[in-house]
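Working through the structure, step by step
Each chain is listed here by its residues.
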Amino acid sequence: MWGGRFAEGPSAVMREINASIPFDKRMWRQDIRGSKAHVSMLGKQGIVAADDAERITQGLDQVAADFEAQGVPDDLALEDIHMLTEARLAEKIGATAGRLHTARSRNDQVATDFRLWVRDAIDQAEAALAGLQDALLARAEEHADSVMPGFTHLQSAQPVTLGHHLMAYFEMIDRDRSRLRDARKRMNLCPLGSAALAGTGFPLDREATAQALGFDGPTRNSLDSVSDRDFALEYLTAAAQCSLHLSRLAEEFVIWASQPFGFVSLSDQWSTGSSIMPQKRNPDAAELVRGHSGRITGALVSLMMTMKGLPLAYSKDMQDDKPPVFEAHDLLELCIAAMTGMVESATFRTDRMRALAESGFATATDLADWLVREAGVPFREAHHITGRAVAAAEGAGVRLDQLSLDQLKAIDARIDDRVYGVLSVDASVNSRLSFGGTAPARVRAAIAAARSKREEEGR
């Protein structure tokens, strides 16, 4: 490739450090697609003869068929997928293959291929996350009435429903999908035609190539087009945030599957055993989802550090842009699939959830609110009264709703028997009717709204 300028070839070490084919060969489909769009435009613009453009297109289809059937070889001498594709094309059609690179640099070529690849990755992640949302909706609907303890600081706080808890993750995933869509919208401009950094003197039709590749239009500045990777960083940012949400759900499954909690039993498909302890059922899939979030976030930081100090335009450092993106994509795909499977197949121990919801004085806030509503007590005073009631129940080894009326009146004479209407966990969750609250009626309304939105997305 460098024969006109260099008298000697690169050293073996140079070949190895310089080559990206071992990882960028994943973009071969995007490279073929971009090349076909480019040569089609060259032919229509009269930059390349129509017959040559047709031969090149047919040859690219033959190269693609070979790659599909045999895989892409790691030819370090050819450096990357772009040079390998062109070399294979030359083997198919001869010297005419050399016309393909007219009015194109590897700089705008790789920027285009990479955008196409990241765009495909976004579409795959978004579709997979929609499947996870469907799984969450199905289980939330199943457990819209199932009472469980809600936690703050991992301490029993107020009773909620399992359906409400699962819908919290539906909302998180919905925002993750939104971030992916936003990133896709911003990145959907085509760098092809920017050449090395300054554009080209050939009469290109950049609108045509952009349209052929499904972009909204061409990029507006040739220097920016070949030198920035913010589209990849945005994808990694969205992937990292999504991985944090998946990790939180995974962590809950790990905690809930432990014997002290006993809230969930994971299926055999998503559990492993112990090499020494026959009784063990380990939530390894959930733990790996939790662990992979660190690697995905690390991929984001890695690319940030690569890009942070590069002058315009292209530098070879940018060859390192793809490995972290590829790794994050693979890990995110695995994590989404694993969490979807766990949500779909988990057996929720709602009896255990209810028992713990009833045992942690989780309706204390309901007593305080009742004192404010029914007895006109200022909330701060009601808070102190309720604290004494909790202490009394704890000392007696009973739930709040098991304290007698005399015991409650001894704490504050303004309490009457109507208070028992709010002290059960069912009464508590049913009373949370504010928009976005945990009342089963609100949970079902949220599920219906979410299903309606999902149906619109499918149209």
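Residues numbered from 1 in each chain as written. Predicted model: local features only at pLDDT ≥ 70, side-chain atom pairs only at ≥ 80, totals over all residues. Heavy atoms only, no water.

A short note on the overall build of the chain
Selection criterion: Strands here are runs of E lasting at least two residues and helices are runs of H or I lasting at least four, both read from the DSSP assignment and numbered beginning at the N terminus. The globule rule is 2.2 Å times the number of residues to the power 0.38, and the radius of gyration it is compared with is taken over C-alpha atoms. Remark: exposure states derive from per-residue accessible area (1.4 Å probe, protein chains only) relative to the maximum for the residue type, with buried under 20%, exposed over 50%, and partly exposed in between. Note on contacts: a residue pair qualifies if any of its non-hydrogen atoms lie within 4.5 Å across the two residues. All accessible-area figures derive from a Shrake-Rupley calculation using a 1.4 Å probe, and residue coverage is judged against the displayed protein chains alone.
Counting its secondary structure elements, the chain contains 18 helices and four strands. For 459 residues, the compact-globule formula gives about 23 Å, and the C-alpha radius of gyration of the chain, at 30 Å, lies well above that figure. Taken along the three principal axes of its C-alpha coordinates, the chain extends 100 × 50 × 40 Å. Every one of the 459 residues in the chain was classed for burial, and the buried ones make up 48%. Across the chain, every contact between residues at least 6 apart in sequence was considered, and the portion connecting residues at least 24 apart equals 75%. Summed over all atoms, the accessible surface of the chain reaches about 21500 Å², with 52% contributed by carbon and sulfur.

Remarks on a nonpolar patch on the surface
The following threshold applies: Patches were defined on residues exceeding 30% relative accessible area and lacking a salt bridge, with like-charge contacts within 9 Å and nonpolar side-chain contacts (Val, Leu, Ile, Met, Phe, Trp, Tyr) within 5 Å. Salt bridge, as applied in this entry: a Lys or Arg side-chain nitrogen positioned within 4 Å of an Asp or Glu carboxyl oxygen.
On the surface, Leu197, Leu223 and Leu312 cluster together into a nonpolar patch covering about 270 Å² of accessible area. With respect to the secondary-structure elements, Leu312 resides in the loop between α11 (284–307) and α12 (322–345). Overall, Leu312 belongs to the exposed group, its relative accessible area being 62%.

Brief notes about the pairing of strand β1 (residues 147–152)
Moving residue by residue along a regular strand, the side chains alternate between the two faces of the sheet. Cut-off, in case you're wondering: Following DSSP output, two strands are said to pair if at least two bridges run between them.
When β1 meets strand β2 (residues 155–161), the two strands line up antiparallel, connected through six bridges. Among the inter-strand pairings, Thr152 is bridged to a residue of β2, identified as Gln155. Following β1, the chain reverses through two residues before pairing antiparallel with β2; His153 in that reversal takes a positive phi of roughly 60°.

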